[in-house]
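Chain residues, written in single-letter form:
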Amino acid sequence: MGATASQLGKDLLSEYQELTFLTKQEILLAHKRFTELLTREERDLNLNTRVPMARILTLPELKSNPFRKRICYVFSTSEQKDGSLTFEDFLDLLSAFSDSATLEIKSHYAFRIFDFDDDGTLDRGDLEKLVNCLTGETDDTQLTPDEMRQLINNILEESDIDKDGTVNLSEFQHVISRSPDFVSSFKIVL
Amino acid sequence: MGGEEKEIQDYDRKMPRDSLITSENDRRKRGEEEQAPATSSKSAKTRKNIKNEKTRKMKEEGEEEGEDEERNGKGKKKHGSAEKDKKNRKGGKGKEKVQEVKKKKKKVETSSEQETSEEDDEEDKEEKEVRPECLSPEELEKLKEAVDERKKLIQALRGKPWPMKTKLVTLQESQEFVEKYEGALGKGKGRKLYAYKVMMTKKWMKFQRDFENFKTACIPWEMKIKEIESHFGSSVASYFIFLRWMYGVNMILFGLTFGLVMVPEALMGRPYGSIPRKTVPRAEESSAMDFAVLWDFGGYAQYSVLFYGFYNNQRAIGWLKFRMPLSYFLVGVGTVAYSYMVVIRTMARNANESGVGDDNSFNFSWKTFTSWDYLIGNAETADNKFASITTSFKEAILEEQESRKDDNIHLTRFLRVLANFLVLCCLAGSGYLIYFVVRRSQKFALDGLENHTWWERNEVNMVMSLLGMFCPMLFDVISALENYHPRVALQWQLGRIFALFLGNLYTFIIALMDEINIKREEEKIVKFNITTWEASLYNGTVSGNSTAPPNTIHPADVPRGPCWETMVGQEFVRLIISDTMTTYITLLIGDFLRAVLVRFLNYCWCWDLEAGFPSYSEFDVSGNVLGLIFNQGMIWMGAFYAPCLPALNLLRLHVSMYLQCWAVMCCNVPQERVFKASGSNNFYMAMLLVILFLSTLPAIYTIVTIPPSFDCGPFSGKNRMFDVIQETLESDFPAWFGKAFSYASNPGLVLPFILLMVLAIYYLQSTSKSYREANMDLKKKLQTQNEENKKKNKQAALKAQMDLEEARQAAEQQKHNNTSNEEAADVEENSDSGQRMHHTKNERNNAPPAGDRRRQQSATRAPVPRNYHQGNHPTPGYLPGFPQQSEPRMHRVPSLQRH
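What you see is a predicted model; the values in this text were computed from it and never measured.

Draft legend 1. Examining the overall build of chain B more closely. Tallying secondary structure elements over chain B gives 30 helices and 2 strands in all. When burial is assessed residue by residue, chain B has 42% of its 899 residues classed as buried. Considering only residue pairs separated by 6 or more positions, chain B has 78% of its internal contacts joining residues 24 or more positions apart.

Draft legend 2. Geometry of the overall build of chain A. For chain A, the count of helices and strands is 13 helices and 2 strands. Residues counted as buried form 62% of the 190 residues belonging to chain A. Summarising the internal contacts of chain A: among those between residues at least 6 apart in sequence, 55% fall at separations of at least 24. When the accessible area of chain A is evaluated, it comes to approximately 7600 Å², of which 50% is carbon and sulfur surface.

Draft legend 3. Just the pattern of salt bridges, in detail. Counting across every chain of the model gives 17 salt bridges over all chains. Residues A:E61 and A:R33 are paired through a salt bridge, measuring 3.2 Å at the closest nitrogen-oxygen approach. Placement of the pair is A:E61 in helix α6 (residues 60-63) and A:R33 in helix α3 (residues 24-37), with a sequence separation of 28 residues. We note that A:E61, like A:R33, is buried. In this structure, B:E222 engages B:R244 in a salt bridge whose closest nitrogen and oxygen atoms are separated by 2.8 Å. Taken together, the residues span a long stretch of sequence, with B:E222 in helix α9 (residues 222-232) and B:R244 in helix α10 (residues 234-268) at a distance of 22 residues. Each member of the pair, B:E222 together with B:R244, is buried. The structure contains a network of salt bridges with shared partners spanning B:R315, B:R323, B:K718, B:E727 and B:D732.

Draft legend 4. Examining the packing of α10(B) against helix α22 (residues 645-667) of chain B more closely. Residue and element names in this part refer to chain B. The N-to-C vectors of α10 and α22 enclose an angle of 160°; their axes lie 8 Å apart at closest approach. In terms of their interaxial angle, α10 and α22 are classed as roughly antiparallel. The crossing of α10 and α22 is left-handed. Within the contact between the two elements, α10 uses Y239, F240, L243, M246, Y247, N250, M251, L253, F254 and T257 and α22 uses P646, A647, N649, L650, L653, H654, S656, M657, Q660, C661 and V664. Among the residues forming the contact of α10 with α22, the class breakdown is 15 nonpolar, 6 polar and no charged.

Draft legend 5. The UniProt feature "domain: EF-hand" (unreviewed entry) in chain A, seen in detail. All names here are of chain A. What UniProt calls "domain: EF-hand" (unreviewed entry) maps, in this numbering, to residues 102-137 and 147-182. Span residues 102-137 is 67% helix and 6% strand, its end C-alpha atoms 31 Å apart. Here residues 147-182 runs as 64% helix and 6% strand, with 24 Å between its end C-alpha atoms.

Draft legend 6. Up close: the interface of chain B and chain A. Counting from both sides, the interface comprises 72 residues of chain B and, opposite them, 79 residues of chain A. Between chain B and chain A, roughly 6800 Å² of surface is buried when both sides are summed, and carbon and sulfur atoms account for 59% of that area. Between the two partners, chain B and chain A, sit 1 salt bridge. Note that A:D92 and B:K167 form a salt bridge whose closest N and O atoms lie 3.4 Å from each other. Mapped onto the side of chain B that touches chain A, the elements with two or more residues apiece are α7 (164-185), α8 (191-218), α9, α14 (363-370), α15 (379-401), α26 (747-815), α27 (821-845) and α30 (888-898) of chain B. It is α15(B) that contributes the most residues to the side of chain B that touches chain A, 11 residues altogether. Considering only residue class, the side of chain B that touches chain A consists of 29 nonpolar, 22 polar and 21 charged.

Draft legend 7. Expanded view of the side chain of B:S304. Residues and elements named next belong to chain B. Turning to its location among the elements, S304 is positioned in the loop between α12 (299-302) and α13 (324-353). For S304, a relative accessible area of 16% translates into the label buried. A distance of 2.7 Å separates a polar side-chain atom of S304 from the backbone oxygen of A301.

Draft legend 8. View of the nonpolar core. If you look at the biggest cluster of nonpolar residues, it comprises 103 residues, and the most contacted ones within it are B:F240, B:F242, B:V573 and B:M721. Ignoring sequence-local partners within four residues, the contact set of B:V573 consists of B:F297, B:F307, B:A642, B:C644, B:L645 and B:L648. Core analysis: the second largest hydrophobic core is formed by 81 residues, A:V51, A:V175, B:L157 and B:F393 among them.

Draft legend 9. Spatial organisation of the packing of aromatic side chains. Scanning all chains against the criterion turns up 47 aromatic pairs over all chains. Note on B:Y239 and B:F240: the rings are 5.1 Å apart at their centroids and 75° apart in plane angle, and the pair reads as edge-to-face. Here the two residues B:Y239 and B:F240 agree in accessibility, since each one is buried. The structure contains a cluster of three or more aromatic residues connected by ring pairs, namely A:F67, A:F75, A:F97, A:Y109, A:F111, A:F114, A:F172, A:F182, A:F186, B:F369 and B:Y374. The ring of A:F116 is capped by A:R70, whose NZ or CZ atom sits 5.6 Å from the centre of that ring. Lying across the ring of B:F177, B:R150 places its NZ or CZ 4.6 Å from the centre.

Draft legend 10. Quick peek at the state of the cysteines. Residue and element names in this part refer to chain B. By the definition in use, this model includes 1 disulfide over all chains. The partner cysteine of C563 in its disulfide is C712, sulfur to sulfur 1.9 Å. Torsion about the S-S bond of the C563 and C712 cystine: about 95°, corresponding to right-handed handedness. Separated by 149 residues along the polypeptide, C563 in the loop between α19 (486-544) and α20 (564-601) and C712 in the loop between α23 (677-705) and α24 (723-732) bring together distant segments of the chain. Overall, C563 belongs to the buried group, its relative accessible area being 8%. Its relative accessible area of 5% is what places C712 among the buried residues. No disulfide involves C425; its sulfur sits 7.1 Å from that of C426, the nearest cysteine. Look at C425 and you get partly exposed, because its relative accessible area is 38%.

Draft legend 11. Expanded view of unusual backbone geometry. Phi angles above zero are rare outside glycine, and A:D118 is one such case at about 55°. Relative accessible area serves as the criterion here: at 56%, A:D118 is assigned to the exposed category. For B:C563, which is not glycine, the phi dihedral falls at a positive 55°.

Draft legend 12. Highlighting the side chain of B:E265. Residue and element names in this part refer to chain B. Locating E265 in the fold gives a position in helix α10. Look at E265 and you get buried, because its relative accessible area is 2%. With near-sequence residues (within four places) excluded, E265 lies in contact with K278, V305, F310, Y311, N312, I317 and M324.

Draft legend 13. Region of the structure containing the packing of helix α12 (residues 169-177) of chain A against α14(B). The geometry of α12(A) relative to α14(B) is characterised by a closest axis approach of 10 Å and an angle of 95° between their N-to-C directions. By the criterion of interaxial angle, the relationship of α12(A) to α14(B) is roughly perpendicular. Facing A:F172, A:V175 and A:I176 of α12(A), the residues of α14(B) in contact are B:S365, B:W366, B:F369 and B:T370. Considering only residue class, the contact of α12(A) with α14(B) consists of 5 nonpolar, 2 polar and no charged.

Draft legend 14. Main features of the environment of B:A301. Residues and elements named next belong to chain B. Looking at the secondary structure, you find A301 in helix α12. When the C-alpha atoms of A301 and V280 are compared, they prove to be 9.6 Å apart, with 21 residues separating the residues in sequence. Setting aside residues no more than four positions away along its own chain, A301 makes contact with L294, L306 and F307.

Draft legend 15. Structural context of the environment of A:M148. Residue and element names in this part refer to chain A. In this fold, M148 is placed in helix α11 (residues 145-159). For M148, a relative accessible area of 7% translates into the label buried. For the pair M148 and E128, spaced 20 residues apart in sequence, the C-alpha to C-alpha distance is 7.2 Å. What M148 contacts, discounting residues up to four positions off in sequence, is E128, V131, N132 and L143.

Draft legend 16. Up close: the confidence of the model for chain B. Residues and elements named next belong to chain B. Taken residue by residue, chain B gives an average pLDDT of 72. The fraction at 70 or more is 69%. Least confident of the elements in chain B is α30, whose mean pLDDT is 38; most confident is α22, at 92. Here residues 1-133 scores under 50 on pLDDT; set against residues more than four positions off or in separate chains, the count is 141 contacts. As a predicted assembly, this complex carries a pTM of 0.65 together with an ipTM value of 0.86.

Draft legend 17. Structural context of the environment of B:A639. All names here are of chain B. Within the element layout of this structure, A639 appears in the loop between α21 (621-638) and α22. Assessed through its relative accessible area of 13%, A639 is described here as buried. Leaving out residues up to four positions away in the same chain, A639 has contacts with L645 and P646.

Cut-off values and rules
Residues numbered from 1 in each chain as written. Chains lettered and ligands numbered in written order. Predicted model: local features only at pLDDT ≥ 70, side-chain atom pairs only at ≥ 80, totals over all residues. Heavy atoms only, no water. Helix = DSSP H or I, 4+ residues; strand = E, 2+ residues; numbered from the N terminus. Buried < 20%, exposed > 50% of the residue type's maximum accessible area, 1.4 Å probe, protein only. Contact = heavy atoms within 4.5 Å. Areas by Shrake-Rupley, 256 points an atom, 1.4 Å probe, with all protein chains shown as cover. Salt bridge = Lys/Arg side-chain N within 4 Å of Asp/Glu carboxyl O. Axes fitted to C-alpha atoms, helices over the stretch in contact; angles between N-to-C directions. Parallel < 35°, antiparallel > 145°, perpendicular 65-115°, else oblique. Left-handed = near helix turned anticlockwise from the far one by under 90°. Nonpolar A, V, L, I, M, F, W, Y, C, P; charged D, E, K, R; others polar. UniProt positions renumbered as here; feature names shortened; annotations may be inferred. Buried area = accessible area lost by both parts, 1.4 Å probe. Polar contact = N/O pair within 3.5 Å; in protein donor to acceptor, adjacent residues only side chain to side chain. Core = buried A, V, L, I, M, F, W, Y, C linked by side-chain atoms within 4.5 Å. Phe/Tyr/Trp six-rings, centres within 6.5 Å; stacked < 30°, edge-to-face > 60°. Lys NZ or Arg CZ within 6 Å of the ring centre and 35° of its normal. Disulfide = S-S within 2.5 Å. pLDDT = per-residue confidence, 0-100.

Written out as structure tokens, the structure reads:
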């Protein structure tokens, strides 16, 4: 633990506490878990080392999440858009998924995770991908095209307030803010 | 205030240029400051723009205030001329310093925008020339504003969806800014105070953060529960959170009984063996230390602080003059009151948290957007979740279509009636069985327990535990007949188990009441016997004419009554013990042994045990919760007669926590029927409340109606247990207090009071109802208004777009008179995509002025033609400025729906 503390630095640690919804212990734990993902050479480098997405996805907390790749893409600040995360990106991720994060920030990131083509709105393609993610990859759990169409029509009917055929961020937040269990289920703990 | 405003206006008129320049300058500067850190993300920028406007407004107010202050200093000569001079001088110095700092800051933050900063510098010079001495307070005010703004920004930073780099940079810059300016601000007379305040705020913040860290580190079993949560999802974790909550409640109950009843009696009360009620009777002495007897809480355990009978009716004990009987009574009442309070408070808090989720207007959207539990970290749980989500989708679609094919509704109806009939039979049968067993055990008890086998002695508890174990399974089988939707089936199942437990408990209590009555009959006889015995004793000593002192009789030899209170307490303690044992044994056999067998026999078995019949067991959330709730109900019921119950329960919960955590992680598989945790929390609480009410009823009934035993317990010798209150009032309080109390407890006052409370409840309920209605109305209004606004915005935007296009086209036509067809088409395409871009943006931030500015940008920036838009939504080509185009939505929506 002493090694991690010295590597993080006291100032940085307090800044991270200021900027995230995490406590000190959680940040230290995150750092420990993150350094475990690094190889031996990378460990000596500074905090800006990127861990490729494939290695991030080996975390048990993300392994069975159907949105794991989207989560990596959304939180990655990489230029190549390869979903690799630095430690700070990783902290951002944990902060957004933490217990005490606000509904606003949670719904903002949820929207970006569900926005598969990154165009700022959830259109029919996004919704279809989203439903497919939720029903799993196997054929017996997937919905038939008919059911899918019906489902998406229903979703749009409910949440597409301005009737432009897509769900945008404010509409999404409007829907989400009324949900009783979004905040309790949109959580990842290490 | 009005006069002052006027004066301000006058002042403004006197030197309009000055203030105008400063404000303008400041605005620009502020704009730069604000925009500097946020060059990376667009959304952040727009937010800042809005914020900028806000700060501008605030700034102007600040200016006015500053001027106001100055004017006060000048005009009214409040501070005297010398002070004023000093102030001015100081102000001048301060101003210089401030500007220095400002420049520095500018270099730091706006190094990229050199031109503007130079302009600013020029303006600064101008300012100095105009009026160098009277700007300082204004500047100070502004600085203060700016510093506060920065501080607010720092506070709000964690709630911003920016990447960490941006946040870090912003934080560092802001902190730098705040530190510098705080140094500059500390020029006034309140400098030391200000510095001190700043320092203290910093320290306080740090302390708060540390305290927060400490608090989270102190929550017991947090890591265990999180681990379970990440493996099994939130519903299983909700059980453990409930268990932890229950542990906390029991901790308080234990503290009350232990600290105020058991410890004082043990320390200050008369010691064991001093009086008959504190001594094991002669007949039982030989077996009082046997383990079997102790296990049944007889012998020495019965005659100890653990039970009601041990306590003496002495009014005050020890050197503290501790009022034991009063304390005993008040602790009993306080236990119940605290439980009610804590349950209702938790319920209210839960309801507050999830109070908005009652409308069903977003059924499908919620299913899609919020049904995944991100905590699931186990592949199997994830598969189950996939399956359950799929079924829920399919069901919802089916329900929506309302094409449920009801094949043979008569058969289902018949089967459901049959199932309910069977369940009722089960319930009645189990109730009768318990009644029968309890009566039989009374007969055994009359005969003397030692002539009977172990089974006969423990029949009641065993039968109750076995019924609690097997009846739910039976119900499960029966519910297969009914063919309900799984969620409905689960509710029925829960309701039936609840009814079973409740029925069993109440049969037990009724049987116990019978026993109490029997004991009281017995007591009467004993009482009569004792008087004759005492008389004979007295006569004996008299007739024997001996000189022996009259108190030679050992307290163990004194005949005594049956003490029904201790009997009730013992029954409950035995029940708790046997219940705990059954729970642990079923856990070990049903979960652990089964898992071990399945795991190791699987290597040499005909079929796949893991996937096939026995498989591993699931964690039964609802069953466990019910068990916990009923256990707690028994505690509440019995705690008055056996002060040791909360302690026992605490022990049980503690062991349960570790044992069940271990069992879940090692031998259970995630459930197939995953149900949401958030909805169930208050469901548990509601059940707990019902049980609390039902379990306090009999306890209160016995306390109020049955006279206490004459020779045991703290209330012996009194007519009723609550007489202790009256006694205390009479002897420990002044007379007027007792009088007031007796007036207050007069039915003539109590009844109107109750009536008033009922009326108040009715009033509050009706107001809350009307509020809810008003809320719904407002919601609807807001929604329609939103839609309308959006429509209007879109139309306005489109119109502006059109005008711009027209102007551009006109300009282009002027430039190149010989426009080719290709270019025209290009312009058309540009306009289309530009309009779309604006359209999406405008929706995203809902800020018309900002959108206005950006629209112009987006229009002047040559937009990249987006092919997919045209491919997806074939908007008909149009001529710019054609009026019909102001409503493209009407065309686009149906085309989308068709896709």
